[in-house]
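Read off the chains here:
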Amino acid sequence: MCDNTLIRPSSQYVKLNVGGSLFQTTIGTLTKHDTMFRAMFSGRMDLHTDAEGWIMIDRSGTHFDVILNFMRDGTVTLPETAKGVSELLAEAKYYCISELAESCERALPKKERETEPICRVPLITSQKEEQMLISSSIKPVVKLLINRHNNKYSYTNTSDDNLLKNIELFDKLSLRFSCRILFIKDVIGSNEICCWSFYGNGKRVAEVCCTSIVYATDKKHTKVEYPEARIYEETLNIILYEDKHLPDQELVQATSTTRGVVAAGSAGLSTYTSDEEEERTGLARLRSNKQNNPT
């Protein structure tokens, strides 16, 4: 049913069916501002009503209560999320409520910044996805492969704690350096249990493996270590690849005083054993360098 007559008086209540949501308000509220509603109730537009007299509006009713409150008061509290503000903006534009649309447009950039994650850590689901992420990243990459179920033997007493420590360190580093390094996590990778890999210019340049096999009487056990100093060092080293050029070799050498390096061709790949004594020796060398070269 269509009705193109002017509805009066302004205090008269009307019933609105907006996308299945029902609302009641007065003609005065709807025509208070120069919006589409004023045109609707001026006789210039056809009003479609059902058998019970509800005026049909073919829009979502999700934010229509906010629309009505703005029509009543001229101000309103905007939705908390960027998505909500964006949806309300679309409705305000449809109903030609310019002041509300402008408020949404001003608030939307701030809402989007508030909801943007501080740090994104991709979770690897395939080898192809890993290669794509590493090769396309404009940042150097740090990958943690963590898979406790890869183990064939029983773990040593401290292994579970050290697994958790590696994961916690990965989380801390990703929060601290996410603006400069892409951190990715692999939980379905190779037969390794806990291994850190460091990539610059799309190539792996260093690796810290945290697991080894140890022998106790007639059994083999898997030992997981937590070489915190080495992981920190390689994370700082990889930042040298930030500018997409090969790093200055003097800088690499200056930041590599604790490495137990095994050269792996021209790619400069370095690996580590699981010897705790080597880590202590490396830390001692660092302290000695600091004492001999005070800043």
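Please read these numbers as outputs of a predicted model, since none were measured by experiment. (Residues numbered from 1 in each chain as written. Predicted model: local features only at pLDDT ≥ 70, side-chain atom pairs only at ≥ 80, totals over all residues. Heavy atoms only, no water.)

### Brief notes about the overall build of the protein chain
The line we're drawing: Only DSSP runs of H or I reaching four residues or more are called helices, and only runs of E reaching two or more are called strands; each is numbered from the N terminus. Burial classes follow relative accessibility: with a 1.4 Å probe on protein chains only, a residue under 20% of its type's maximum area counts as buried, one over 50% as exposed, and anything between as partly exposed. What makes two residues a contact is simply this: any of their non-hydrogen atoms within 4.5 Å. The protein chains shown are the only cover counted for residues, whose accessible areas, like all others here, come from Shrake-Rupley with a 1.4 Å probe.
Of regular secondary structure, the protein chain possesses 10 helices and 13 strands. By residue count, 41% of the 295 residues in the protein chain fall in the buried class. In the protein chain, once contacts between residues fewer than 6 apart in sequence are set aside, the share between residues at least 24 apart is 67%. Total accessible area on the protein chain stands at roughly 17200 Å², and carbon and sulfur atoms take up 51% of it.

### Examining the pairing of strand E9 (residues 182–186)
Rules: What makes two strands pair is DSSP finding at least two bridges between them.
By the criterion of burial, E9 is predominantly enclosed, with five of the five residues buried. Residues Leu 182, Ile 184 and Asp 186 point to one face of E9 and Phe 183 and Lys 185 to the other, with burial holding for every one of them. The sheet contact formed by strand E6 (residues 123–124) and E9 spans two bridges and is parallel. Bridge pairing in E9 links Ile 124 to Asp 186. As paired strands, strand E7 (residues 141–146) and E9 are joined by five bridges and run parallel to one another. Counterpart to Val 141 in the pairing with E9 is Leu 182.

### Things to note about the sheet that holds strand E12 (residues 211–216)
Our working definition: Axis lines are fitted to C-alpha atoms, over the contacting stretch for helices. Their N-to-C directions set the angle, which ranges from 0 to 180 degrees.
Within the open sheet, the three strands sit side by side as E8-E13-E12. Their pairing is mixed. Of all strands in the sheet, those with a lone pairing partner are strand E8 (154–155) and E12, marking the two edges. When E8 meets strand E13 (residues 219–224), the two strands line up parallel, connected through two bridges. Paired with Tyr 155 across the strands is Thr 222, a residue of E13. On the sheet, helix H7 (residues 159–177) packs against E8 and E13 and is oriented at approximately 25 degrees with respect to E13.

### A closer look at empty space enclosed by the protein
For the record, the criterion: The distinction between a cavity and a pocket rests on a 1 Å grid over the protein atoms alone: a 1.4 Å probe fits inside a cavity but cannot get out, while a pocket stays open yet meets protein on both sides within 12 Å along at least five of seven lines, and a residue with an atom within 4 Å of a point counts as lining. Grid points are joined across faces, edges and corners, and a volume is the space filled by probe spheres set on the points. Any residue that is not Ala, Val, Leu, Ile, Met, Phe, Trp, Tyr, Cys, Pro, Asp, Glu, Lys or Arg is counted as polar, Gly included; the first ten are nonpolar and the last four charged.
Scanning all chains against the criterion turns up one cavity of 30 Å³ or more. There is about 60 Å³ of room inside the largest cavity. Here the lining of the largest cavity is built from residues that sort into five nonpolar, four polar and two charged.

### Digging into unusual backbone geometry
In this model, Cys 96 sits at a positive phi of 60 degrees, which is unusual for a non-glycine residue. One non-glycine residue with positive phi stands out, namely Asn 201, at about 55 degrees.

### Comments concerning the nonpolar core
Generally speaking, a soluble globular protein has its nonpolar side chains buried in company with each other. Let me state the cut-off plainly: Residues belong to a common nonpolar core when they are buried Ala, Val, Leu, Ile, Met, Phe, Trp, Tyr or Cys residues joined through side-chain atoms within 4.5 Å.
The biggest cluster of nonpolar side chains holds 32 residues, and the ones touching the most others in it are Leu 16, Phe 37, Phe 41, Phe 64, Ile 67, Tyr 95 and Leu 100. If you list the elements that add at least two residues to this core, you get strand E2 (13–18), helix H1 (27–30), helix H2 (36–40), strand E5 (55–57), helix H3 (64–73), helix H4 (82–94) and helix H5 (98–115). Counting residues per element, this core draws most heavily on H3, at six residues. Apart from the residues within four sequence positions on either side, Leu 100 is in contact with Ile 67, Phe 70, Val 76, Leu 78, Leu 88 and Ala 92.

### Points about the pattern of salt bridges
Any two side chains of opposite charge can pair, on the condition that their charged atoms come close. In plain terms, the rule: For this document, the term salt bridge refers to a Lys or Arg side-chain nitrogen within 4 Å of an Asp or Glu carboxyl oxygen.
With the rule as written, the count across this model stands at nine salt bridges. With a closest N to O distance of 3.6 Å, Glu 105 and Lys 93 form a salt bridge. With a gap of 12 residues between them, Glu 105 in helix H5 and Lys 93 in helix H4 connect regions that are remote in the sequence. By relative accessible area, Glu 105 is classed as partly exposed at 40%. Close ionic contact of Glu 225 with Lys 223 constitutes a salt bridge, the shortest N to O distance being 3.6 Å. For Glu 225, a relative accessible area of 9% gives the class buried. Note on Lys 223: relative accessible area 22%, which makes it partly exposed.

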